[in-house]
Amino acid sequence: GGVHKGLLETVRDIRTTHGLKAFWRGNGTNCLKIAPETAVKFMAFDYLKKAISQDPGHVTITERFVAGGLAGAASQLTIYPLEVVKTRMAVSPAGTYKNV
């Protein structure tokens, strides 16, 4: 098995071995995925809230909860490919993906 290190020792090892940039690997992709994820979530929430409510002028807390859950699921299904890219970039050896 591997050696279990404390948090500070692990942070020092990462900084020493890979530099400060290692702490943000894959974060650019994460930032790029936030815009479409949020857009889909808000659009789906507004649409579903109106579609499932019995009185669109007075949406109940339960209807908001259901619409929010479905909107979250829709946004995650939409951006899942970007989530895979982000994860692969974050865990891959430095230099694996160039010009990204």
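Residues numbered from 1 in each chain as written. Predicted model: local features only at pLDDT ≥ 70, side-chain atom pairs only at ≥ 80, totals over all residues. Heavy atoms only, no water.

**Considerations on the side chain of Ser53**
Thought 1: By the secondary structure assignment, Ser53 is in the loop between helix H2 (27-52) and helix H3 (61-91).
Thought 2: Assessed through its relative accessible area of 9%, Ser53 is described here as buried.
Thought 3: One polar contact links the side chain of Ser53 to the main-chain carbonyl oxygen of Lys49, over a distance of 3.1 Å.
Thought 4: Setting aside its immediate chain neighbours within four residues, Ser53 contacts Val59 and Glu63. (Helix = DSSP H or I, 4+ residues; strand = E, 2+ residues; numbered from the N terminus. Buried < 20%, exposed > 50% of the residue type's maximum accessible area, 1.4 Å probe, protein only. Polar contact = N/O pair within 3.5 Å; in protein donor to acceptor, adjacent residues only side chain to side chain. Contact = heavy atoms within 4.5 Å.)

**Some thoughts on the packing of H2 against H3**
Thought 1: Running from amino to carboxyl end, H2 crosses H3 at an angle of 160°, the nearest separation of the two axes being 7 Å. Regarding the angle of H2 to H3, the classification is roughly antiparallel. The two elements H2 and H3 cross, and the hand of that crossing is right-handed.
Thought 2: Its residues assigned to classes, the contact of H2 with H3 comprises 15 nonpolar, seven polar and eight charged. (Axes fitted to C-alpha atoms, helices over the stretch in contact; angles between N-to-C directions. Parallel < 35°, antiparallel > 145°, perpendicular 65-115°, else oblique. Left-handed = near helix turned anticlockwise from the far one by under 90°. Nonpolar A, V, L, I, M, F, W, Y, C, P; charged D, E, K, R; others polar.)

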